[in-house]
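Notes for the structure review
This is what each chain is made of:
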Amino acid sequence: GEEVAAGNIAEASMAEHRDKRAKPGPVLHPMDEPLLRKCDALMKILAKKNQAVHFLRPVDWKKMGLHDYPKLIKHPMDLGTVSERLSKNAYARLEDFANETRLVWKNAFIFNAPDSLYFKAAKQLSDMFEKSLEKFEVEAESVNPLQLDTMERCRLLLADMAANPLAEWFLEPVDHVGLGLTDYMQVISQPMDLSTAGKKLERNEYMSPEDFSHDVRLVFQNAIAYNSAASMFGVVAGILATVFDRRFALLTQAAASDPGRPIPDRPGWPTFAQKKKFYDLCTKLTLSDLNQMVAAVQKSCPAAVRSCGQKEVEVDVDELDMKTFNQVILWVGTKAKVKTEA
């Protein structure tokens, strides 16, 4: 009876947790029949791994004498329960299934020391699990692409990151004063957390998806820098950073096939129409002209030039100030004209 009760409590609290978040709107990666079969096959593969032996059934903490287990673990979960719920079609989205499975690893991370057998087993299973999820997400995206504005996709991604059970420690600013972390501000020059990133997103403070991803990555980089990569917080931040990077890559690939909304015009900066004209002119340039143009921008407005490989650089038009933009478009215009006349 104990195990069932624990399972029911977890189920009720997860359902309540989900209902608070469930808003009508676009559904990313809905759990359809083919996806359900893939998730079921994945759970069977995981259950056969040596590391999974500790996580197949609810933790019988009374029998094992682990009397502080219920104090520390608020949402018990095990792989058997997830499989059973999967067979009852309890998950509306791939992410709902993923999050309930992630609870299994989270509980092991909280209760066990990072150098323990249980912690390491949970981390290895988590890595296998996330690798498979990546494949599922790519396939789901190709079958069922969401026609959404890129910044809207960033909102959905942030909501998913915040709902990931592993994100519990990164939802609000670190209360370094309350926690007595006197050296926090010496180690961390720019604190960041998911709710702050969410507020900036709502206020349209991010000019591009890359600005948004920079802040979200900062949350996890800070946790690793302050706590060390081998600590519990470091390990969890590392997992979340990997999840975010792969989901963000998926989002930017979707945006590349559907550019979505242009960045809103800013006073004193080039307008969208001007940037489009500049882009169209650049397509007419020779490689040596393009190289000259990049060199000119580098000199006048270095913030707009980014390295994206050993010898490759790109000019971010959104970062070009008006003075540089006017100089460059004039030069590009004459070059493109010469080429069309020739």
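Check the entry above for the structure.
Residues numbered from 1 in each chain as written. Predicted model: local features only at pLDDT ≥ 70, side-chain atom pairs only at ≥ 80, totals over all residues. Heavy atoms only, no water.

As a further point, take the overall build of the chain. Along the backbone of the chain there are 14 helices and 2 strands. Counting over 342 residues, the chain shows a buried share of 39%. Taking all contacts inside the chain whose residues are at least 6 apart in sequence as the whole, residues at least 24 apart take part in 72%. Accessible surface, the chain: about 18,900 Å² in total, of which carbon and sulfur atoms supply 58%. (Helix = DSSP H or I, 4+ residues; strand = E, 2+ residues; numbered from the N terminus. Buried < 20%, exposed > 50% of the residue type's maximum accessible area, 1.4 Å probe, protein only. Contact = heavy atoms within 4.5 Å. Areas by Shrake-Rupley, 256 points an atom, 1.4 Å probe, with all protein chains shown as cover.)

Below, the discussion takes up the side chain of asparagine 164. As for its position among the elements, asparagine 164 is in the loop between α7 (150-163) and α8 (184-187). Judged by its relative accessible area of 2%, asparagine 164 falls in the buried class. From its side chain, asparagine 164 meets the backbone nitrogen of leucine 166 in a polar contact 2.9 Å long. (Polar contact = N/O pair within 3.5 Å; in protein donor to acceptor, adjacent residues only side chain to side chain.)

In this section: helix α12 (residues 272-282). Count 3.6 residues to each turn of an α-helix, and residues three or four apart come out pointing the same way. Residues of α12 that are buried include every one of Lys275, Phe278, Leu281 and Cys282, and no others. The arc that holds the buried residues of α12, viewed along the axis, is 120°, so those residues lie on one side. Those residues of α12 that are exposed and angled more than 90 degrees off the buried face are Ala273 and Lys277. (Arc of directions from axis to C-beta.)

On to the pattern of salt bridges, then. Scanning the entire structure with this criterion turns up 20 salt bridges. Where lysine 88 meets glutamate 84, a salt bridge forms, and the shortest distance between an N and an O atom there is 3.3 Å. Residue classification places lysine 88 among the exposed residues on the basis of a relative accessible area of 60%. On the basis of relative accessible area, glutamate 84 is assigned to the partly exposed category, the value being 47%. One salt-bridge network, in which partners are shared between bridges, spans Arg93, Glu95, Arg102, Glu130, Glu137, Asp160, Arg246 and Arg247. (Salt bridge = Lys/Arg side-chain N within 4 Å of Asp/Glu carboxyl O.)

Ranked by internal contacts, the top residues of the largest apolar core, which has 58 residues, are Phe97, Trp105, Phe109, Phe212 and Phe220. Sorting the residues of this core by element identifies α2 (33-48), α4 (79-87), α5 (94-111), α6 (117-143), α7, α9 (194-202), α10 (209-227) and α11 (232-257) as the ones contributing at least two each. Here this core takes 10 residues from α11, the largest share from any one element. Discounting residues that sit within four places of it in the chain, phenylalanine 109 has contacts with Phe119, Ala122, Lys123, Leu166, Met232, Val236 and Ile239. By size, the runner-up hydrophobic cluster in this structure holds 16 residues, among which are Phe278, Val297, Val305 and Val328. (Core = buried A, V, L, I, M, F, W, Y, C linked by side-chain atoms within 4.5 Å.)

On inspection of all chains with the given rule, the structure shows 13 aromatic pairs. Seen in terms of ring centroids, phenylalanine 109 and phenylalanine 119 are 4.7 Å apart; in terms of plane orientation they differ by 45°. Their pairing is tilted. In this pair, phenylalanine 109 sits in helix α5 while phenylalanine 119 sits in helix α6, placing the two residues 10 residues apart along the sequence. The burial state of phenylalanine 109 is the same as that of phenylalanine 119; both residues are buried. (Phe/Tyr/Trp six-rings, centres within 6.5 Å; stacked < 30°, edge-to-face > 60°.)

To continue, consider the environment of alanine 41. With respect to the element layout, alanine 41 can be found in helix α2. According to the relative accessible area criterion, alanine 41 is partly exposed, its value standing at 37%. Residues alanine 41 and serine 83, spaced 42 residues apart in sequence, show a C-alpha to C-alpha distance of 9.8 Å.

Now for the packing of α2 against α4. At a minimum axis separation of 10 Å, α2 and α4 run at an interaxial angle of 155°. The orientation of α2 with respect to α4, classified from their angle, is roughly antiparallel. Classified by chirality, the crossing of α4 by α2 is left-handed. Facing α2, whose interface residues are Leu36, Cys39, Asp40 and Met43, α4 presents Leu79, Val82, Ser83 and Leu86. Taken together, the residues that form the contact of α2 with α4 break down as 6 nonpolar, 1 polar and 1 charged. (Axes fitted to C-alpha atoms, helices over the stretch in contact; angles between N-to-C directions. Parallel < 35°, antiparallel > 145°, perpendicular 65-115°, else oblique. Left-handed = near helix turned anticlockwise from the far one by under 90°. Nonpolar A, V, L, I, M, F, W, Y, C, P; charged D, E, K, R; others polar.)

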